[in-house]
Amino acid sequence: MNVVLFLFLMVMAWGSWDGFFAHPVRVGVVVIHLLMMPVMTLCTAGRSRGVKHVHDWRPFFPLLMAHSLFTAWVMPYMDARDIAVLPGGDALRWAGLVVLACGAALRVWPMMALGERFASVVAIQKGHALQTGGIYGWVRHPSYVGILLMDIGFAGVFRSSVAVLLLPIVFWMFKRRMDVEEQLLVEEFGEQYKGYMGRTARLMPGVY
């Protein structure tokens, strides 16, 4: 979902511009997303299918759209009206913002590391070389770590108990996406990628 539209829906769901921007945590959410935009739009291949691509797991993009709409509309709507909110008040909001910022950093770091090799579709770009250093020396899918942290952060910022309950579904969505990506990378890079898989974690060293 376009970042500007995403932010606009948040404000509309809250109910008023003044109300949404009355709290510095929500201002912080907007600032973080605006800072991400140049990297997302200028440093990557966008939706380029490159020289070789494979189809995503079929439900992935419909679920991703539902996930984005839930985050942009349902979470702020419920928070503004104190519907099914978590305890913790402003302490929870600020903690959520910190986690969100960390997730955003992990989301854009791989984009800057891969540049034109990073695309929102599962594809091999022209001149594609396997990245195994930097953040990719620790985990194979740091961008998805960033997304999951951002989801946890959003749950804190908007005090959403429903978002917490939905986290296993979000993890499952991206687990299926990782399956598709890794299958393509094994086909493209063979033993080089298999060896890389053998010495790195998918998302968290020592856990998964």
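Treat the numbers as computed from the prediction; the structure is a model and nothing was measured. (Residues numbered from 1 in each chain as written. Predicted model: local features only at pLDDT ≥ 70, side-chain atom pairs only at ≥ 80, totals over all residues. Heavy atoms only, no water.)

Trainee: Lay out the environment of Phe61 in plain terms, naming residues and giving numbers.
Mentor: By the secondary structure assignment, Phe61 is in helix α4 (residues 60–80). Classification of Phe61 by relative accessible area gives partly exposed; the value is 30%. The spatial distance from the C-alpha of Phe61 to the C-alpha of Leu130 is 25 Å, given a sequence separation of 69 residues. (Helix = DSSP H or I, 4+ residues; strand = E, 2+ residues; numbered from the N terminus. Buried < 20%, exposed > 50% of the residue type's maximum accessible area, 1.4 Å probe, protein only.)

Trainee: Explain the packing of aromatic side chains to me, using residue names and the numbers behind them.
Mentor: In the structure shown here, the tally under the stated rule is 12 aromatic pairs. Ring centres 6.1 Å apart and planes at 10 degrees place the aromatic pair Trp17 and Phe21 in the stacked group. Given a relative accessible area of 46%, Trp17 falls into the partly exposed group. Relative to Tyr196, the ring of Tyr193 lies with its centre 5.6 Å away and its plane at 55 degrees, an arrangement referred to as tilted. You can see Tyr193 and its partner Tyr196 sitting in helix α8 (residues 191–199), three residues apart, about one turn around the helix. (Phe/Tyr/Trp six-rings, centres within 6.5 Å; stacked < 30°, edge-to-face > 60°.)

Trainee: An account of the confidence of the model for the protein chain is requested, with residue identities and associated values reported.
Mentor: Do not read the predicted coordinates in detail wherever pLDDT is low. Mean pLDDT for the protein chain: 95, with 100% of residues reaching 70 or above. For the protein chain, strand β1 (residues 52–53) is the element with the lowest average pLDDT, namely 91, and helix α6 (residues 142–157) is the one with the highest, namely 98. (pLDDT = per-residue confidence, 0-100.)

Trainee: Talk me through unusual backbone geometry; I want residue IDs and the actual numbers.
Mentor: Not every positive phi belongs to a glycine, and Asp82 is a case in point at roughly 55 degrees. Structurally, Asp82 can be placed in the loop between α4 and α5 (89–114). Its identity as a non-glycine residue notwithstanding, Ala84 has a phi of 50 degrees, on the positive side. Here Ala84 shows up in the loop between α4 and α5. The partly exposed category is assigned to Ala84, whose relative accessible area is 38%.

Trainee: Would you mind going over the pattern of salt bridges in detail, with residue names and values included?
Mentor: Taken as a whole and judged by the stated rule, the model has 12 salt bridges. With its nearest N and O atoms 2.9 Å apart, the salt bridge here joins Arg140 to Glu182. In this pair, Arg140 sits in the loop between β2 (123–124) and α6 while Glu182 sits in helix α7 (residues 161–189), placing the two residues 42 residues apart along the sequence. Comparing Arg140 with Glu182, the two get one shared label, buried. Taking the shortest distance from any N to any O, the salt bridge between Lys194 and Glu191 comes out at 3.7 Å. In this pair, Lys194 and Glu191 both sit in helix α8, three residues apart, roughly one turn of the helix. Classification of Lys194 as partly exposed rests on a relative accessible area of 43%. Taken together, the shared-partner salt bridges in this structure form one network comprising Asp79, Asp82, Asp90, Arg93 and Arg159. (Salt bridge = Lys/Arg side-chain N within 4 Å of Asp/Glu carboxyl O.)

Trainee: Go over the nonpolar core with me, naming the residues and quoting the values.
Mentor: General note: in soluble globular proteins, nonpolar side chains tend to be found buried as a group. Counting residues in hydrophobic clusters, the biggest one holds 53 residues, and the most contacted among them are Met10, Phe154 and Phe158. Going through the elements one at a time, α1 (3–14), α3 (24–42), α4, α5, α6, α7 and α8 are the ones with two or more residues in this core. If you tally residues by element for this core, the top one is α7, at nine residues. Not counting residues within four places of it along the chain, the set of residues in contact with Phe154 comprises Phe6, Met10, Val29, His33, Thr71, Met75, Leu100 and Arg159. (Core = buried A, V, L, I, M, F, W, Y, C linked by side-chain atoms within 4.5 Å. Contact = heavy atoms within 4.5 Å.)

Trainee: I'd like to hear about the side chain of Glu181, residue by residue, with values.
Mentor: Residue position: Glu181 is located in helix α7. On the basis of relative accessibility, which here comes to 17%, the residue Glu181 falls in the buried class. Aside from chain neighbours lying at most four places away, what touches Glu181 is Val122, His141 and Tyr144.

Trainee: Give a description of a nonpolar patch on the surface that names residues and reports values.
Mentor: Residues Leu5, Phe8, Met12, Trp17, Phe21, Trp73, Tyr77 and Ile83 make up a contiguous nonpolar surface patch of roughly 730 Å² in combined accessible area. Put simply, the parts of the chain that give the nonpolar patch at least two residues each are α1 and α4. The greatest single-element share of the nonpolar patch, amounting to three residues, is contributed by α1. Residue placement: Phe21 occurs in the loop between α2 (17–20) and α3. (Patch = residues over 30% accessible without salt bridge, like charges linked within 9 Å, V, L, I, M, F, W, Y side chains within 5 Å. Areas by Shrake-Rupley, 256 points an atom, 1.4 Å probe, with all protein chains shown as cover.)

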